[in-house]
Amino acid sequence: EAEVAQSPRYKITEKSQAVAFWCDPISGHATLYWYRQILGQGPELLVQFQDESVVDDSQLPKDRFSAERLKGVDSTLKIQPAELGDSAMYLCASSTSGYSVGANVLTFGAGSRLTVL
Amino acid sequence: ELKVEQNPLFLSMQEGKNYTIYCNYSTTSDRLYWYRQDPGKSLESLFVLLSNGAVKQEGRLMASLDTKARLSTLHITAAVHDLSATYFCAVALDSNYQLIWGAGTKLIIKP
């Protein structure tokens, strides 16, 4: 069964350091999402890509976060500098797009758990 | 602004009992999704509800959608311990299908 690949699974860093997360979506999925989930809360959308274009990054703290999907396939989310409040699970998801029945059903990766000390 | 409210946020129940989780949303939408998340794990899609009156069932879980009431329910029948998880509903905006997530319902089923 096709999966969304994410790495690293766990990352511990000190505040003010740079962190990067990588995501490889399911082949053929044009839409890619980065979510942040703080323990005990629901997922919060950080950025949504349609192919290589950003569709929504309204909740992305752009002073320290950046995301790219240069060739419309895999994607990288970067945090620089990391702050204590960034400790969370970072989830990548992908989906097909359009109006078909299965469209917009997100398949999530295993997540990258970030701890900032 | 679309708001999605789940209740209860926490539910502890005994095996064998029935219960319902509610998902209310504040604007029109005809696409609603239910996801499951096990502790420390990622989210898994359970159901996609695409029209008024839609009902989907998988094992002991049944989800329904009433678009006129802006309400979806997730019903658990004869609960078993393996269903312990956090359940999220997410509603798609009509305009661009962006998902708005509920806060989740943490379900604990005691043997």
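Data block above holds the structure.
Predicted model only: the values in this text are computed from it and were never measured. (Residues numbered from 1 in each chain as written. Chains lettered and ligands numbered in written order. Predicted model: local features only at pLDDT ≥ 70, side-chain atom pairs only at ≥ 80, totals over all residues. Heavy atoms only, no water.)

J.: Help me understand the sheet that holds strand β1 (residues 5-7) of chain A, please; the structure alone is not making it clear to me.
T.: Adjacent strands of a sheet form backbone hydrogen bonds with each other and so pair up, either parallel or antiparallel. Residues and elements named next belong to chain A. The four strands are arranged β1-β3-β8-β7 in an open sheet whose pairing can be described as antiparallel. Edge strands, defined here as strands with exactly one partner in the open sheet, are β1 and β7 (65-68). For this sheet, the mean inter-axis angle between neighbouring strands, taken without regard to orientation, is 15°. Here strand β3 (residues 19-24) pairs with strand β8 (residues 75-79) via five bridges, running antiparallel. Bridge pairing links Cys-23 to Ser-75 in β8. (Pairing = 2+ DSSP bridges. Helix = DSSP H or I, 4+ residues; strand = E, 2+ residues; numbered from the N terminus. Axes fitted to C-alpha atoms, helices over the stretch in contact; angles between N-to-C directions.)

J.: What is the right way to read the interface of chain A and chain B from this model?
T.: In this assembly, 21 residues from chain A lie in contact with 17 residues from chain B. When the area that chain A buries against chain B is broken down by residue, the three leading residues are Pro43(A), Asn104(A) and Phe108(A), summing to 28%. Between chain A and chain B we count zero salt bridges in total. Taken together, the links from chain A to chain B amount to five residue pairs in polar contact (both at pLDDT 80 or more). Of the residues contributing to the side of chain A that touches chain B, the split by class is 12 nonpolar, seven polar and two charged. (Contact = heavy atoms within 4.5 Å. Buried area = accessible area lost by both parts, 1.4 Å probe. Salt bridge = Lys/Arg side-chain N within 4 Å of Asp/Glu carboxyl O. Polar contact = N/O pair within 3.5 Å; in protein donor to acceptor, adjacent residues only side chain to side chain. Nonpolar A, V, L, I, M, F, W, Y, C, P; charged D, E, K, R; others polar.)

J.: Please clarify how unusual backbone geometry should be interpreted in this entry.
T.: Most peptide bonds adopt trans geometry, and most residues besides glycine take a negative phi value. Ser7(A) connects to Pro8(A) through a cis peptide bond whose omega is -10°. Here Pro8(A) is to be found in the loop between β1 and β2 (10-13). The residue after Asn7(B), namely Pro8(B), is reached through a cis peptide bond having omega 0°. Structurally, Pro8(B) is set in the loop between β1 (4-7) and β2 (10-14). Residue Ala78(B) is not a glycine yet carries a positive backbone phi of 50°. Mapped onto the elements, Ala78(B) comes out in the loop between β8 (71-76) and β9 (85-92). Of the residues examined, Ala78(B) reaches a relative accessible area of 25% and is grouped as partly exposed. (Buried < 20%, exposed > 50% of the residue type's maximum accessible area, 1.4 Å probe, protein only.)

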